[in-house]
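# Results of the structural survey
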Amino acid sequence: MDSLIEVKHLSKSFGEHTVLKDIDFSVNKGEVICIIGSSGSGKSTLLRCVNLLEKPSGGEIFYNGENILDDRHDIYKYRTKLGMVFQQFNLFNNYNVLDNCVIGQLKVLKRTKEEAKEVALKYLKTVGMDQYINAKPRQLSGGQKQRVAIARALSMEPDVMLFDEPTSALDPEMVGEVLKVMKDLAGMGLTMLIVTHEMGFAKDVADRVVFMDQGVIAEEGKPEDIFNNPAQERTREFLSRVLEE
Amino acid sequence: MSFTRIAQTFADYWPMFLRGSWSTLYISIIGTIMGSIIGLLIGVIRTIPVPERGIKKIIVIIVNAILSAYIALFRGTPMIVQAMIIFYGSAEALHIDMNRTFAAVFIVSINTGAYMSEIVRGGIISVDKGQFEAAQAIGMNHIKTMRYIVMPQVIRNILPATGNEFVINIKDTSVLSVISVSELFYQSKSIVGNTYHYYDTFFITCIIYFIMTFTVTKVLRYAEKKLDGPDNYILLGNQMQVEKPEDHVKKAKAAR
């Protein structure tokens, strides 16, 4: 199997507080993985460790077989291979929609202005935000911001897209538009790693569901198995709690 | 006091007032700009994450200590005393005969720099952490993150405080008369030496100072508005089909 990212014995603690314990986990090319679990179970931290926004306390992360925690490894180049979408959007406030998608291509990937604009426009079209290229982030709604954030990440043409609770900060009526875009992306064969509370989405779209609890991966498997007959008691408990709502 | 006497003083001595005003403006503009550059540089340096080990860590710590000392020293002593020490000190101890205008600009610059680095630090802290993370997530290093994402926002946010520094500088250059820089206050004193009309002369001086500070305030407010851009945006490719996004990008390309 051609695994793109392989996490081995990963642990992370903030001071005394241990958030991740001995995580083993891999992402294969073209796979859509949803990470679910209650708040504080370490899902977001795992995602942030994968692109090194948090420095792991222990363990190894391999990308295409290379150990990215090695001191000599260029983490800036590695990060361009991962597109990150945040819960709080984090669009660059000083740029308009188009420039948000252009600046990284220009300054990090060293593409030409023309090429960068074409690429940006292509992905803004994918997320349905190409009409808004002149708008500043503060002029957009939450759902629109998140779609632009997705286009910004796509514009770097990464190998994997990481989504950190992309719909948790949105008003309920805007969740749909973002999930639809993500569904389209999954249909295009993109490799995606998604931390989410949207169980319906996970069920529909994921190839594999990972359930995390108290800093460990409690269970993983096909969505049918996880949702219909979970092997573990705590998975069952969690699912009955969230599906009730 | 009478209005005619004020008018007379102005009519007789306007070239001196003009020269003094020019000198004051010149020193405070260059001083504020240099000070802001110093402040921005120090702001970037002081926010470099400290490496965990090695020689780099020691260098970062030493540089930070030096910069902190600089800020503490120049914020903690009056500019009038700094002027004395730097100008006469360099002459007596180092035998350097500094050009007075250069000395004035130098003193105002490093003094403003000390204040600005604290203002910039505040500006950097006030930028949302998510902006740094998003920049790092697309592969930018510290310098690029600062240069393209954080600093533009910091500059916008600190513009009111910078305007404040500018206004203070216009007024505070008057203390440089102690090293005989021929700025507005020094010129006014010279005029009084001729006419002995203290009130009339300094009435005019007061108005000139006010006009300068007021204008600067207004210009900076205008700059803030310009930087914020328009409140509205044009929706492209709408039902009227006026212009498609592709056309817009192409047109922008052609214009460049």
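This one's a predicted model, so the numbers in the text were calculated from it and none came from an experiment.

## A few points about the interface of chain B and chain A
- Of the residues lining the interface, 37 residues belong to chain B; the matching set on chain A comes to 40 residues.
- Buried area between chain B and chain A, summed over both chains or domains, comes out near 3200 Å², and the portion from carbon and sulfur atoms is 55%.
- Summed over the shared surface of chain B and chain A, the number is 1 salt bridge.
- On the surface where chain B and chain A come into contact, there are 8 residue pairs in polar contact (both at pLDDT 80 or more).
- Per element, the largest residue contribution to the side of chain B that touches chain A is 7 residues, and it comes from helix α5 (residues 129–137) of chain B.

## Some words on the UniProt feature "domain: ABC transmembrane type-1" (unreviewed entry) in chain B
- UniProt tags residues 21–220 of chain B as "domain: ABC transmembrane type-1" (unreviewed entry).
- A helix fraction of 82% and a strand fraction of 0% characterise residues 21–220 of chain B, whose end C-alpha atoms lie 19 Å from each other.

## Thoughts on the domain arrangement of chain A
Residue and element names in this part refer to chain A.
- Assigned domains within chain A: domain 1 (5–81 + 158–244) and domain 2 (93–157).
- Using C-alpha coordinates to define each centre, domain 1 is positioned 25 Å away from domain 2.
- Opposite the 15 residues of domain 1 that make contact, domain 2 presents 15 residues.
- Taken together, the two surfaces of domain 1 and domain 2 that pack against each other cover about 1200 Å², and 77% of this comes from carbon and sulfur.
- For the domain 1 face of the interface with domain 2, the top three residues by lost area are Thr80, Pro158 and Val181, together amounting to 37%.
- The interface formed by domain 1 and domain 2 includes 1 salt bridge.
- Put simply, Glu177 and Arg147 hold a salt bridge, and the shortest N to O gap is 3.1 Å.
- For the interface between domain 1 and domain 2, the tally reads 3 residue pairs in polar contact (both at pLDDT 80 or more).
- Those elements giving two or more residues to the side of domain 1 that touches domain 2 turn out to be β7 (160–164) and α6 (172–187).
- Ranked by the residues each element gives to the side of domain 1 that touches domain 2, the list is headed by α6, at 6 residues.
- Residue composition of the side of domain 1 that touches domain 2, by class: 12 nonpolar, 1 polar and 2 charged.

## So, the nonpolar core
All names here are of chain A.
- In terms of nonpolar packing, the biggest core is built from 56 residues, with Ile150, Phe163, Met182 and Met192 touching the most fellow members.
- A total of 8 residues in this core trace back to one element, the largest contributor, which is α6.
- In this structure, this core is formed jointly by two domains, domain 1 (5–81 + 158–244) and domain 2 (93–157), each of which donates at least three residues.
- Not counting chain neighbours up to four residues away, the residues in contact with Ile150 comprise Val85, Val127, Met161, Phe163, Val178, Val181, Met182 and Leu185.

## A closer look at the packing of helix α4 (residues 100–126) of chain B against helix α6 (residues 142–172) of chain B
Residues and elements named next belong to chain B.
- Where α4 meets α6, the axes come as close as 9 Å, and the angle between the chain directions of the two elements is 135°. On the basis of their axis angle, the class for α4 and α6 is oblique. Taken as a pair, α4 and α6 cross one another with a handedness that is right-handed. Two secondary-structure elements touch here, α4 through Val108, Thr112, Tyr115, Met116, Ile119, Val120, Gly123, Ile124 and Ser126 and α6 through Met146, Val150, Met151, Val154, Asn157, Ile158, Ala161, Thr162, Glu165 and Asn169.
- Classifying every residue of the contact of α4 with α6 gives 12 nonpolar, 6 polar and 1 charged.

## Here we look at the UniProt feature "domain: ABC transporter" (unreviewed entry) in chain A
- As annotated by UniProt and renumbered to match this structure, "domain: ABC transporter" (unreviewed entry) occupies residues 5–239 of chain A.
- A helix fraction of 38% and a strand fraction of 26% characterise residues 5–239 of chain A, whose end C-alpha atoms lie 27 Å from each other.

## Concerning the sheet that holds strand β1 (residues 3–14) of chain A
All names here are of chain A.
- In space, the 4 strands of this open sheet follow the order β2-β1-β4-β5, with antiparallel pairing throughout. A strand with exactly one partner marks an edge of an open sheet, and here the two such strands are β2 (17–28) and β5 (66–67).
- In this sheet, β2 lies alongside β1 in antiparallel orientation, the contact comprising 8 bridges. Considered in β2, the bridge of Val7 is made with Phe25.
- Contacting β1, β2 and β4 (58–63), helix α1 (residues 43–50) crosses the sheet at an angle of about 120° to β1.

## Brief notes about the sheet that holds strand β9 (residues 208–213) of chain A
Residue and element names in this part refer to chain A.
- Read across the sheet, 6 strands follow the order β6-β7-β8-β3-β9-β10 without closing on themselves; strand pairing throughout is mixed. Pairing within the sheet leaves two strands with one partner each, and these edge strands are β6 (82–85) and β10 (216–221). Averaged over all pairs of adjacent strands, the angle between their axes in this sheet comes to 15°, without regard to strand direction.
- Here 5 bridges tie β7 to strand β8 (residues 191–195), and the two strands are oriented parallel to one another.

## Some remarks on the side chain of B:Thr213
- Here B:Thr213 lies in helix α8 (residues 198–228).
- When neighbours within four sequence positions are excluded, B:Thr213 is seen to be in contact with B:Val167, B:Ile170 and B:Lys171.

## As for the environment of B:Ala65
- Looking at where B:Ala65 falls in the secondary structure, it is placed in helix α2 (residues 55–75).
- Residue class for B:Ala65 comes out partly exposed when judged on its relative accessible area of 46%.

## Describing the pattern of salt bridges
Residue and element names in this part refer to chain A.
- Per the counting criterion, the structure on display carries 15 salt bridges over all chains.
- Glu31 is paired through a salt bridge with Arg208; the nearest N and O atoms lie 2.8 Å apart. Residue Glu31 is located in the loop between β2 and β3 (32–36), and its partner Arg208 is located in strand β9; the two are separated by 177 residues in the primary sequence. Comparing Glu31 with Arg208 shows no difference in burial state: the two are buried.
- With a shortest N-O distance of 4.0 Å, Lys122 and Glu157 are connected by a salt bridge.

Criteria and thresholds
Residues numbered from 1 in each chain as written. Chains lettered and ligands numbered in written order. Predicted model: local features only at pLDDT ≥ 70, side-chain atom pairs only at ≥ 80, totals over all residues. Heavy atoms only, no water. Contact = heavy atoms within 4.5 Å. Buried area = accessible area lost by both parts, 1.4 Å probe. Salt bridge = Lys/Arg side-chain N within 4 Å of Asp/Glu carboxyl O. Polar contact = N/O pair within 3.5 Å; in protein donor to acceptor, adjacent residues only side chain to side chain. Helix = DSSP H or I, 4+ residues; strand = E, 2+ residues; numbered from the N terminus. UniProt positions renumbered as here; feature names shortened; annotations may be inferred. Domains from an automatic or database assignment. Nonpolar A, V, L, I, M, F, W, Y, C, P; charged D, E, K, R; others polar. Core = buried A, V, L, I, M, F, W, Y, C linked by side-chain atoms within 4.5 Å. Buried < 20%, exposed > 50% of the residue type's maximum accessible area, 1.4 Å probe, protein only. Axes fitted to C-alpha atoms, helices over the stretch in contact; angles between N-to-C directions. Parallel < 35°, antiparallel > 145°, perpendicular 65-115°, else oblique. Left-handed = near helix turned anticlockwise from the far one by under 90°. Pairing = 2+ DSSP bridges.

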